[in-house]
Amino acid sequence: GHVEKLEGDIGRHNDEIRGLKDANGQQVGATGDRDGRACGVSSLELSWRPPTKNSDRIERYKLMIATGTGVVKDVYQGRETRFRITGLKSNTEYILCVKAIYDDGSFLWSESKAYRTLT
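Note that the structure is a prediction, hence the values are computed from the model and not measured.

K.L.:
Go over the packing of aromatic side chains, please, and point to the residues and values.
P.N.:
Two measures describe an aromatic ring pair: the distance that separates the ring centres and the angle between the ring planes. Enumeration according to the criterion identifies 3 aromatic pairs in this entry. Centroid distance W48 to Y76: 6.2 Å. Interplanar angle 50 degrees. Geometry classified as tilted. Of this pair, W48 sits in strand β2 (residues 43-49) while Y76 sits in strand β4 (residues 72-78), and the two are 28 residues apart along the sequence. Of the two residues, W48 and Y76, both sit in the buried class. Measuring from centroid to centroid gives 4.9 Å for Y76 and F83, while their planes differ by 25 degrees, and the two rings are stacked.

K.L.:
Hey, could you go over the nonpolar core for me, with residue numbers and the actual values?
P.N.:
Core analysis: the largest hydrophobic core is formed by 16 residues, its most contacted members being W48, L63, I85, L88 and L96. For this core, the element with the highest residue contribution is strand β6 (residues 93-102), accounting for 5 residues. Not counting residues up to four positions away in its chain, the partners in contact with I85 are S43, L44, L63, I65, V75 and L96. Counting 5 residues, the second-largest nonpolar core is a separate cluster that includes M64, A66, V72 and C97.

K.L.:
Run through unusual backbone geometry, naming residues and quoting values.
P.N.:
For N54, which is not a glycine, the phi torsion comes out positive at approximately 55 degrees. You can see N54 is positioned in the loop between β2 and β3 (58-67). Using a relative accessible area of 32% as the deciding quantity, one classes N54 as partly exposed. Phi is positive for N91, which is not a glycine, with a value near 50 degrees. The residue N91 is located in the loop between β5 (82-85) and β6 in this model.

K.L.:
Pulling in residues and values, what's your account of the environment of G70?
P.N.:
Within the fold, G70 resides in the loop between β3 and β4. In the structure, G70 is positioned 25 residues away from I95 in sequence and 9.7 Å away in space, judged by C-alpha atoms.

What counts and what doesn't
Residues numbered from 1 in each chain as written. Predicted model: local features only at pLDDT ≥ 70, side-chain atom pairs only at ≥ 80, totals over all residues. Heavy atoms only, no water. Phe/Tyr/Trp six-rings, centres within 6.5 Å; stacked < 30°, edge-to-face > 60°. Helix = DSSP H or I, 4+ residues; strand = E, 2+ residues; numbered from the N terminus. Buried < 20%, exposed > 50% of the residue type's maximum accessible area, 1.4 Å probe, protein only. Core = buried A, V, L, I, M, F, W, Y, C linked by side-chain atoms within 4.5 Å. Contact = heavy atoms within 4.5 Å.

Dropping the structure here:
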């Protein structure tokens, strides 16, 4: 399968990210949407650079994925700065965003990246 690579920086703010956080209030459970994973769906390898400020105090990263329909899911939580997302549906636009969470509970968002899978 084809693996696409995306890179991003943490610590930039824009309206899209605020929108993503608002949508996060209506988070779906892990049951989600399971159809379509068998037919030519690609995986996406995402890597991100830690913020320059206080990067030694980062406790974990959280990777969020949103679809155009406003469904937001956490797909990864941990200390790595890369993650491979699998099971993406074809011909769907996804918006990806990483949150760096510090040991005092504060956090920073990455810029959001839009990615469209092919049919």
